[in-house]
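Residues per chain, in single letters:
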Amino acid sequence: MARTAGRQLGSRTAVYTVVGLFGLFASFPFLWAIVTMFKADPDLYTAGSNPFLYNKPPTLEHIRLLFQQTPYLTFVRNTVMIGVLVVLITLAFSLPAAYALARLTGHWGGRLGIAIFLVYLVPPTLLFIPLSRMVASMRLQDSIWSLVLVYPTFTIPLSTWLLSGFFKSIPRDIEEQAQVDGYSRLQAVTRTVLPLIVPGILTVVVFAFTLSMHEFIYALAFVASSDHMTISVGVPTNLVRGDVFFWQSLMASAVIVAVPVALAYNFFLDRFVQGFTMGAVKG
Amino acid sequence: MTAANTGQTVAGEIEGRPRRYLLDREGLLGPLLLLPAVVYLLALVGFPLVMAILYSFTDITTGNPVLHFVGLDTFRDVLRDTVFRRSLRNTVVLTIVSQLLVVVLSTVLAFALRVDFRGKWFARFLILLPWTTPIAIGTIAWLWMLDSLFSPIDWVLGQVGLIQQGGHMYWLGKRDLAMASVIAVQAWRMLPLATVILLAGMSSIPQEIKEAAEIDGASFWRRLFHIELPLLLPITGVAVLFGLVFTFTDMTVVYVLTGGGPQNSTQVLASWAFYKGINGGSLGQGAAIAVFMFPVLAGFAALILRLANRAEVS
Amino acid sequence: MAVVETRVLRKTFGDNAAVDGIDLRTEEGEYLVLLGPSGCGKTTLLRMIAGLERPTDGEVLIGDRVVNDLPPRARRIAMVFQSYALYPHKTVRANIAFPLVARGVDKDEQDKKIRWAAALLGIEHLLGQRPRQLSGGERQRVALARALVREPQVFLLDEPLSNLDAKLRALAREELKEFQRRVGTTTIYVTHDQVEAMGLGDRIAVLEKGRVQQIGTPWDIYHHPANTFVATFVGSPPMNLFERDQSLVGFRPEHLLPEEVVAEGDGRVPFKLHVERVEYLGSDRYVYGTIPELSSDKRVISRLPFTVTNPVDEDAVARFAVAESNLRFFDQQSGERSEPQPLKGLGA
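Keep in mind that this is a model prediction, so the values were computed, not measured.

Colleague: Lay out the pattern of salt bridges with the relevant residues and their values.
Modeller: All names here are of chain C. A full pass over the atoms with the stated rule returns 27 salt bridges over all chains. The shortest N-O distance in the salt bridge between arginine 319 and glutamate 259 comes to 3.0 Å. With arginine 319 in strand E17 (residues 316-323) and glutamate 259 in the loop between strand E13 (257-258) and strand E14 (268-280), this pair connects stretches of sequence that are 60 residues apart. On the basis of relative accessibility, which here comes to 46%, the residue arginine 319 falls in the partly exposed class. Judged by its relative accessible area of 14%, glutamate 259 falls in the buried class.

Colleague: Outline the nonpolar core, listing residues and values.
Modeller: General note: in soluble globular proteins, nonpolar side chains tend to be found buried as a group. Phe167, Phe216, Tyr218 and Phe222 of chain A are the most contacted members of the largest nonpolar core, which has 161 residues in total. At 14 residues, helix H4 (residues 72-104) of chain A tops the list of elements feeding residues into this core. For tyrosine 218 of chain A, the residues in contact, after removing those within four places along its chain, are Pro124, Leu127, Phe128, Leu131, Leu147, Val150, Tyr151, Thr153, Phe154 and Val223 of chain A. One finds Ala78, Ala97, Leu100 and Ala147 of chain C within the second-largest nonpolar core, a separate group that totals 45 residues.

Colleague: Please give an account of empty space enclosed by the protein that cites residues and values.
Modeller: For the structure shown, the criterion picks out five cavities of 30 Å³ or more. Counted as a void, the largest cavity has a volume near 90 Å³. Taken together, 13 residues make up the lining of the largest cavity; nearest its centre are Gln99, Val102, Ala194, Ala239 and Val240 of chain B. Breaking the lining of the largest cavity down by element, the ones donating at least two residues are helix H3 (82-114), helix H7 (175-203) and helix H9 (220-248) of chain B. Across the lining of the largest cavity, the residue classes break down as eight nonpolar, five polar and no charged. Lining the second largest cavity, in full, are Tyr222, His223, Pro225, Met239, Arg252, His255, Asn326 and Arg328 of chain C.

Colleague: Give me the lowdown on the pairing of strand E6 (residues 77-80) of chain C, citing residues and values where you can.
Modeller: All names here are of chain C. Neither face of E6 is open: one carries Ile77 and Met79, the other Ala78 and Val80, and all of them are buried. Pairing geometry for E6 and strand E7 (residues 154-158), over four bridges, is parallel. In the strand pairing of E7, methionine 79 is matched with leucine 156.

Colleague: Tell me about the packing of H3 of chain B against H9 of chain B, residues and numbers included.
Modeller: Residue and element names in this part refer to chain B. With their axes 10 Å apart at the nearest point, H3 and H9 run at an angle of 140 degrees to one another. When the interaxial angle is binned, H3 and H9 end up oblique. For H3 against H9, the interelement crossing comes out right-handed. Taken together, the residues of H9 that come into contact with H3 (itself represented by Thr91, Leu94, Thr95, Ser98, Gln99, Val103, Thr107, Phe111 and Arg114) are Leu224, Glu228, Leu229, Leu232, Val240, Gly243, Leu244, Thr247 and Phe248. Split into classes, the residues belonging to the contact of H3 with H9 amount to nine nonpolar, seven polar and two charged.

Colleague: How would you sum up helix H3 (residues 107-121) of chain C? Please name residues and give values.
Modeller: Residues and elements named next belong to chain C. For H3, with 15 residues, the first-to-last C-alpha span of 21 Å sits near the 21 Å given by 1.5 Å per residue. Where H3 is concerned, the buried positions are Glu109, Gln110, Lys113, Ile114, Ala117, Ala118 and Leu121. The arc that holds every buried residue of H3, seen down its axis, measures 155 degrees, which confines them to one face. At the exit of H3 stands glycine 122, carrying a positive phi of roughly 70 degrees.

About the thresholds
- Here the residue numbering is sequential within each chain, running from 1 through the sequence in written order.
- Here the convention is simple: chains get letters from A, ligands get numbers from 1, in the order in which they are written.
- Two thresholds apply to this predicted model, a pLDDT of at least 70 for residue-level local features and 80 or more for giving and counting side-chain atom pairs, whereas whole-chain, interface and lining totals are computed over all residues.
- Water and hydrogen atoms were dropped before computing side-chain values, which therefore reflect all heavy atoms in the structure.
- A pairing counts as a salt bridge when a side-chain nitrogen of Lys or Arg comes within 4 Å of a carboxyl oxygen of Asp or Glu.
- Counting from the N terminus, the helices are DSSP H or I runs at least four residues long and the strands are E runs at least two residues long.
- The cut-offs for exposure are 20% and 50% of the maximum accessible area for each residue type, with area from a 1.4 Å probe on protein chains only; residues under the lower value are buried, those over the upper are exposed, and the others partly exposed.
- Working definition of a nonpolar core: buried Ala, Val, Leu, Ile, Met, Phe, Trp, Tyr and Cys residues. They are joined through side-chain atoms within 4.5 Å.
- Contacts: residue pairs with any heavy atoms within 4.5 Å of one another.
- The definitions used throughout rest on a 1 Å grid laid over the protein atoms alone, on which a cavity is an enclosed set of points accommodating a 1.4 Å probe that cannot get out and a pocket is an open set flanked by protein within 12 Å on both sides along at least five of seven lines; lining residues are those having an atom within 4 Å of a point.
- Grid points are joined across faces, edges and corners, and a volume is the space filled by probe spheres set on the points.
- When residues are grouped by polarity, Ala, Val, Leu, Ile, Met, Phe, Trp, Tyr, Cys and Pro land in nonpolar, Asp, Glu, Lys and Arg in charged, and all others, Gly among them, in polar.
- In this description, strands pair whenever DSSP reports at least two bridges between them.
- Between N-to-C directions, angles cover 0 to 180 degrees, with each direction set by a line fitted to C-alpha atoms, over the stretch in contact for helices.
- In what follows, roughly perpendicular refers to angles from 65 to 115 degrees, roughly parallel to angles under 35, roughly antiparallel to angles over 145, and oblique to any angle outside these ranges.
- Crossing handedness is read from the near helix: turned anticlockwise from the far helix by less than a right angle, it gives a left-handed crossing, and turned clockwise, a right-handed one.
- One fewer than the residue count of a helix, multiplied by 1.5 Å, yields its expected span.
- It is the directions from the helix axis to the C-beta atoms that the arc portrays.

Have a look at this one:
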């Protein structure tokens with residue numbers, strides 16, 4: 001009895017240690033960023049002083065600088081605008097496609113679903129060169145519209161896959177009943193099925209928004225002026241002045257972005273996994 | 001009771017005009033609903049893909065945007081470049097080493113996370129951070145952490161005595177260390193995704209199988225290696241392939257962390273293609289470099305398909 | 001009130017013909033049961049009548065009108081699914097109102113109808129609840145109320161009792177029959193349970209492999225099965241079947257009785273029954289054994305009601321008999337019913 005308890009205790013400790021170490025490894029850059037954010041210049045830029053302590057009192061100066069003297073807010077505004085538009089476009093394209101895949105296709109539906117999903121794996125680093133020319137020829141270069149146009153190429157495949165999984169989890173009976181009760185197929189779906197997959201739609205919204213927020217390559221290739229940059233591109237390229245880095249402000253900009261997104265992900269992760277695996281179930 | 005007379009005939013009686021019900025026909029509705037997404041993807045993914053391959057057979061530049069076919073000349077120029085050869089090697093090394101690390105570490109982590117413990121939600125939050133942050137932003141955080149002058153890692157190493165106090169490792173300045181740093185960052189950002197996929201796979205192993213093994217007398221380690229890991233193989237395969245694809249084709253980490261340096265020693269195919277194609281304007285060369293990723297990607301895609309067919313997704 | 005008719009109706013999925021040429025015509029206001037094992041095509045047939053499945057061939061007529069090209073909402077039918085398909089996010093009231101809203105019925109009229117339907121099914125007290133709070137029986141009644149409000153010309157029911165537990169099923173069966181009698185609408189009811197079919201149907205259509213094997217009243221189906229499939233599918237325990245003189249001979253367990261009980265004048269055919277086991281089930285006794293004269297290894301079942309008190313011993317030979325009028329004959333090749341023949345040389 002004591003031995004199993006001891007083993008239990010030992011394995012508990014092992015779990016805590018492992019998780020603790022990984023947690024530290026995963027979050028250390030951010031912890032360091034959070035510490036740095038509030039450090040006064042003389043404190044930070046003195047070699048040899050303990051970087052983990054506030055040898056001089058912490059200050060909000062750099063955060064103020066970030067918001068008032070850099071285009072950071074412009075970046076945030078652009079990112080949010082693009083994100084919202086991309087989410088809307090994504091839903092408009094992938095909701096019908098997902099429904100079709102979940103309900104209306106026979107065995108070629110499974111293959112088409114996987115094909116659409118594979119599109120997600122085609123890397124932007126392969127497509128960005130011809131796309132940059134296409135964007136230029138449409139006179140969209142250096143504008144956020146180039147990104148709004150191109151970002152759905154990676155949000156639509158993933159969203160379609162996820163949404164088809166959520167559609168499949170609703171029994172067909174419900175929409176058939178609604179059709180018998182007097183609605184057309186489209187009305188039946190919008191009135192009875194869509195309300196039931198709202199959690200799935202929210203999940204897709206979160207993931208599509210964050211995917212568009214994370215994107216770097218197209219944003220770097222298509223947009224040059226800081227007025228139109230997103231956070232992902234603006235922070236590494238534009239918040240760098242000469243070869244002096246405003247490190248504290250830079251770190252602040254990173255933390256401000258990272259934390260809310262991580263919280264949102266955490267809430268929706270389980271649903272994401274559920275929809276992802278459901279997408280693979282036949283029929 | 002008689003049927004309500006609302007003045008609307010519609011479905012109150014059987015009105016048999018077939019055309020009104022066109023959209024109800026399943027055979028029509030399916031393709032119709034899929035059309036927008038398919039057309040969009042063909043236009044903005046399929047078409048550029050073909051164009052990318054085409055470009056690599058031309059000498060097109062941003063200055064002279066003409067599709068002038070030159071056969072394999074562009075490829076020859078690209079292959080002659082030492083930087084290209086190095087970037088090819090780097091891409092392979094970086095991908096394999098970082099993903100190997102990810103596989104091992106994520107397995108350990110996933111097993112640890114199966115247990116329910118206090119603060120699990122917070123732990124998960126922390127562990128997910130690398131994946132949920134924009135790649136560029138996370139890399140910036142690392143950039144600061146590995147700074148030549150002010151790295152806290154250097155400080156800690158100095159305190160512990162592994163290097164001289166006040167000394168610098170120049171993580172991003174020395175060739176080998178720079179490569180190691182890039183590998184570390186890639187492993188760091190892919191670890192959460194692999195862990196999540198593994199956890200999902202683990203929870204899909206029916207409890208009865210594990211219990212049957214326990215009744216049969218298998219010890220913890222035997223159960224682990226002979227029952228659980230083999231059952232996890234398909235989904236591990238999927239996770240690994242994802243990691244491989246995303247690492248193999250990524251340019252962001254290199255671009256932001258080292259800029260390809262020192263002296264182009266950490267260039268990978270994707271970043272080199274970017275430098276040549278966008279910064280340098282040689283679209284044809286950029287395309288040719290990127291095209292080298294294609295056969296490997298196609299191979300990965302085929303593998304994923306095979307695994308997806310075999311994996312029992314519950 | 002309308003008549004449902006199908007003409008040479010066919011539905012194939014790939015190479016498989018789920019429904020293989022069915023001609024059917026209901027009577028006005030009748031309760032027609034589609035009975036058959038799973039995979040026989042009964043649900044596919046129902047769905048084609050509903051308009052949820054498009055026929056590969058043939059026609060569906062409702063009220064003497066071809067409805068092949070009409071979607072479900074235009075056919076003025078109501079359907080109850082096995083799962084009841086109650087809208088989980090709506091209250092009971094909203095569920096019942098749903099078809100009326102689709103028709104654009106005004107609010108007052110809606111209220112009247114909802115109250116009428118709820119009263120008919122005894123669920124007024126449940127109107128404010130949600131489906132997940134209801135029991136199986138209650139859900140069924142809500143589904144029926146929802147079907148009722150539209151005053152359809154046909155009710156289609158797809159195994160609505162199979163989700164209820166056994167005790168509830170008998171009660172629900174009675175309620176359903178009563179309900180249909182009161183409302184008087186033509187009803188087509190799908191089930192695989194032959195007890196249900198016999199209890200509910202005015203007529204039963206027995207289906208197998210996509211075809212109608214026989215259609216008739218429960219009496220016809222039971223006492224004059226058209227082929228061996230119907231003979232063995234309906235009736236529990238199933239009919240005893242034997243090969244004899246190039247044909248198949250059958251008799252139901254309740255017709256295989258101790259010799260003394262079968263009156264001589266009925267043209268009694270004697271059998272020597274080698275009893276293996278006797279099961280005492282309260283109201284009946286089941287006797288299991290073999291009749292070597294008919295078959296060396298095939299099991300025979302006899303059902304003795306409690307009124308027959310003759311003792312029957314296990315591991316003994318008993319003298320049993322069947323009245324000649326209770327013998328059924330079938331063609332050995334096709335399984336179709338055939339002419340009675342005299343059976344010779346038995347029971348000596």
